[in-house]
Amino acid sequence: MDIITVSKLRKSYRKGQVQALRGLNFTVDEGEIYGLIGPDGAGKTTLFRIMATLLLPDEGTVSVDGLDVVRDYKAIRRRIGYMPGRFSLYQDLSVEENLSFFASIFHTSIEENYDLVKDIYGQIEPFKTRKAGKLSGGMKQKLALSCALIHAPRVLILDEPTTGVDPVSRKEFWEMLKRLRLQHGITIIVSTPYMDEAGQCDHIALMQDGEFLRLDTPSGIVGAYTDTLWAVQADDMHRLLDDLRACPEVLTAFSFGEAFHVTVREEARMQELAAYLAGLGHRRVEVTPIQATVEDCFMSLMKKSDEG
Amino acid sequence: MKDKYVIEAEGLTKQFGAFTATDHISFRVHEGEIFGFLGANGAGKTTAMRMLCGLSRPSAGWATVAGYDVCRQAEDVKKHIGYMSQKFALYDDLTVFENLRLFGGIYGMSAKTIREKAERLLGELGLAAERDALVASLPLGWKQKLAFSLSIFHDPKIVFLDEPTGGVDPITRRQFWELIYRASDRGITVFVTTHYMDEAEYCDRVSIMVDGKIEALDTPANLKRDFGVATMYDVFLALARRAKRTSD
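Rules and cut-offs
Residues numbered from 1 in each chain as written. Chains lettered and ligands numbered in written order. Predicted model: local features only at pLDDT ≥ 70, side-chain atom pairs only at ≥ 80, totals over all residues. Helix = DSSP H or I, 4+ residues; strand = E, 2+ residues; numbered from the N terminus. Buried ≥ 20, exposed ≤ 12 C-beta atoms within 10 Å, placed from the backbone. Contact = placed C-beta atoms within 7 Å. Rg over C-alpha atoms; globule rule 2.2 N^0.38 Å. Axes fitted to C-alpha atoms, helices over the stretch in contact; angles between N-to-C directions. Parallel < 35°, antiparallel > 145°, perpendicular 65-115°, else oblique. Left-handed = near helix turned anticlockwise from the far one by under 90°. Nonpolar A, V, L, I, M, F, W, Y, C, P; charged D, E, K, R; others polar. Pairing = 2+ DSSP bridges. Core = buried A, V, L, I, M, F, W, Y, C linked by C-beta atoms within 7 Å. Domains from an automatic or database assignment. Right-handed = clockwise from strand over helix to strand, strands pointing away. Expected span 1.5 Å × (residues − 1).

**Here we look at the overall build of chain A**
Along chain A, the regular secondary structure elements total 10 helices and 14 strands. For chain A, the proportion of its 308 residues judged to be buried stands at 43%. Summarising the internal contacts of chain A: among those between residues at least 6 apart in sequence, 69% fall at separations of at least 24.

**Things to note about the overall build of chain B**
Looking only at helices and strands, chain B has 9 helices and 10 strands in total. On C-alpha atoms alone, chain B measures out to a radius of gyration of 18 Å, which is about the 18 Å that the 2.2 N^0.38 rule sets for 248 residues. Based on the C-alpha atoms only, the size of chain B along its principal axes is roughly 50 × 40 × 40 Å. Residues counted as buried form 46% of the 248 residues belonging to chain B. Pairs at least 24 apart in sequence give 68% of the contacts found in chain B among residues at least 6 apart.

**Concerning the packing of helix α5 (residues 140-151) of chain B against helix α6 (residues 170-185) of chain B**
All names here are of chain B. Closest axis-to-axis distance for the α5/α6 pair is 10 Å, and the angle between their directions is 15°. Put simply, α5 runs roughly parallel to α6. By crossing handedness, the relation of α5 to α6 is classed as right-handed. Listed contacts from α6 to Gly141, Gln144, Lys145 and Phe148 of α5 are Thr172, Phe176 and Leu179. Looking at the contact of α5 with α6 residue by residue, the classes come out as 3 nonpolar, 3 polar and 1 charged.

**Thoughts on the sheet that holds strand β2 (residues 19-30) of chain B**
Residue and element names in this part refer to chain B. One open sheet holds the 4 strands; their spatial order is β2-β1-β4-β5, and the pairing between them is antiparallel. Each edge of the open sheet is held by one strand with a lone partner, namely β2 and β5 (68-69). Sheet analysis places strand β1 (residues 5-16) next to strand β4 (residues 60-65), joined by 5 bridges and oriented antiparallel. Bridging from a neighbouring strand, Glu10 pairs with Trp62 of β4.

**With respect to the nonpolar core**
One finds Met51, Leu143, Ile157, Ile188 and Phe260 of chain A to be the most contacted residues of the largest nonpolar core, which totals 89 residues. It is helix α5 (residues 137-149) of chain A that provides the largest number of residues to this core, a total of 7 residues. Here this core spans two domains, since at least three of its residues come from each of domain 1 (2-222) and domain 2 (226-291) of chain A. Every residue in contact with Phe260 of chain A, bar those within four places of it in the chain, is listed here: Val232, Leu240, Leu241, Leu244, Ala253, Phe254 and Ser255 of chain A. Ranked by size, the runner-up nonpolar core spans 65 residues in total, among them Ala118, Val135, Phe148 and Phe153 of chain B.

**Some details on the interface of chain A and chain B**
Facing the 27 residues of chain A at the interface are 30 residues of chain B. Counting only elements with at least two residues in the side of chain A that touches chain B, the list comes to α5, α6 (167-184), β12 (250-256) and α10 (294-307) of chain A. It is α10 of chain A that provides the largest number of residues to the side of chain A that touches chain B, a total of 4 residues. In terms of residue class, the side of chain A that touches chain B is built from 12 nonpolar, 11 polar and 4 charged.

**A look at the domain arrangement of chain A**
Domain annotation for chain A reports domain 1 (2-222) and domain 2 (226-291). One C-alpha centre belongs to domain 1 of chain A, the other to domain 2 of chain A; they are set 40 Å apart.

**Notes on the sheet that holds β12 of chain A**
Residues and elements named next belong to chain A. Pairing is antiparallel across the open sheet formed by 4 strands, whose spatial order is β12-β13-β11-β14. Across the chains shown, the open sheet's two edge strands, defined by having one partner strand only, are β12 and β14 (286-289). Direction aside, the axes of adjacent strands within the sheet are offset by 25° on average. Note that strand β11 (residues 228-233) and β14 share 4 bridges and pair antiparallel. Paired with Ala231 across the two strands is Thr288, which belongs to β14.

**Section: the pairing of β2 of chain B**
Residue and element names in this part refer to chain B. Summarising the sheet, β1 and β2 pair through 8 bridges and their orientation is antiparallel. Residue Leu12 lies in a different strand from β2, and its bridge partner there is Ile25. Once β1 ends, the chain turns through 2 residues before running back antiparallel as β2, passing Gly17 with a positive phi of about 60°.

**Remarks on the environment of Ile180 of chain B**
Residue and element names in this part refer to chain B. Relative to the helices and strands, Ile180 resides in helix α6. Between the C-alpha atoms of Ile180 and Val159, which are 21 residues apart in sequence, the distance is 9.8 Å. With sequence-adjacent residues up to four places away left out, Ile180 is seen in contact with Ile34 and Val190.

**Topic: the pairing of strand β7 (residues 158-162) of chain B**
Residue and element names in this part refer to chain B. The buried fraction of β7 amounts to 5 of the 5 residues, a majority that puts the element mostly inside the structure. The side-chain alternation of β7 yields two buried faces, one formed by Ile158, Phe160 and Asp162 and the other by Val159 and Leu161. Inspection of the sheet shows strand β6 (residues 81-85) paired to β7 by 5 bridges, in the parallel sense. Across the sheet, the residue bridging to Tyr83 is Phe160, located in β7. With 5 bridges connecting them, β7 and strand β8 (residues 189-193) associate as parallel partners. In the sheet register, Asp162 faces β8, and the bridge partner there is Thr193. Each parallel crossover has a hand, and the one from β7 via α6 to β8 is right-handed.

**Some remarks on unusual backbone geometry**
Across the chain, the bulk of peptide bonds are trans and the bulk of non-glycine residues have phi less than zero. One non-glycine residue, Glu160 of chain A, lies in positive phi territory at about 45°. Mapped onto the elements, Glu160 of chain A comes out in the loop between β7 (155-158) and α6. Accessibility expressed as a C-beta count within 10 Å gives 22 for Glu160 of chain A, which makes it buried. Within the chain, Ala66 of chain B stands out as a residue other than glycine whose phi angle is a positive 55°. With respect to the secondary-structure elements, Ala66 of chain B resides in the loop between β4 and β5. Classification of Ala66 of chain B as partly exposed rests on a count of 19 C-beta atoms within 10 Å.

**A closer look at α5 of chain B**
Residues and elements named next belong to chain B. The first and last C-alpha atoms of α5 sit 16 Å apart over 12 residues, in line with the 16 Å expected at 1.5 Å per residue. Looking at α5, one finds that the buried residues are Gln144, Lys145, Leu146, Ala147, Phe148, Ser149, Leu150 and Ser151. Elements in contact with the buried residues of α5: β6, α3 (96-106), α4 (111-125), β7 and α6.

Now the structure itself:
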């Protein structure tokens, strides 16, 4: 069942000069983790602020748990937990004071909903008398998530919770989200600029310039990739990139970790490309066919939307 | 040719009270190298970088950067390095050219040199048409390229990049790395921190800090071989899991 429905949603800033959202349509199923994936400026924060009833749409409608974000904004606020991208708790209150403050705003208490935050808050509880401003980044993140959860919302809206966070802490954060979903059935809508986090979500929307490039499951997105994609490596990677781009068979060539991911014309053959590169003096050339990642898909869709 | 060092650090340490943020790190960075400086949040990277940039005095140990001692010649260090952070040091309400003129002026470049270099640079970046546009009006990816170009505008020996690619789209992120390659090919040493593990693969050598210490330092290929794993992500995971400090 849909818990969030967004229809024909538009929002612009500066008297229409900046189109932040250009007519978005999508739905989120109850109990799923829905990922909005895209770079800065894609419109992720604008969308979340509208869902969180903090910003009015120009056109279109958004309903959360059957309620309209404009008409029923007060009722919606009880049902959502919103964690903004920037740390926005009270730096000069202690960990415990922050949490009980957010609980009391919603006429509840830490004790009443302790079960819900236990997994996350438990990790920072030993420091509950410390001022929030004195916490490390990882601890601030856990406190912010606890505060967003303490009134037992049905939907969690998390704006780039993992940005600037190292890979290990990011992995732990996603594990926390999955447990929340599993144990408490909370719907989670989360944005991220990291393409490699797409696989953690049930559905994802790839977003760029206020529009969705594609909406699907992560495997559906990867499955719809139609280009021929090869990984290419050789000894001199800097020169290899120039030579790949100059090759008439090659459509695009981009760095992906230790290899270049290369898309080629349909009639291209791997042995021919390897021979071509060897002919240019490249040594230890390796060309292998590969499965696209979500990031390959995103880049391919970006190019297509530029062209069309 | 690779025996010239742009950074030499020996036992470099910073203590805040009882807390040792950077704990006796020793390493060298070759001229023209792309050196990746990795570590979990709170591992001590920022503190180490501030010392190397002459912004924070070491509690113990020493380091030279671009040939200058970070303790005794901190001002010389600052003149001979470039620095770019994720929060670009661009003035939004100045034009592209005004930003270049301001930074050039700060580093003591003549008006003529600034003008000539600015024209060439804007041509290379494909920003010639935006010369007199306010920086605020540029897309994020262009700002990022401009911020990087500004950080090497005064031809420093080395440039420090602190998470330079956060938030940009995947194509812009890769184009940015191509700028880094070009700078490195021109002999500028690049010292870069990142949380993108694919970017660790683009570095000539990578160090990984855990709890204030450098726990690994080698080429990406050697690190992966030594740890018996396929990606730098797995190397990072294996090392960061040993951390005792709570993450920051």
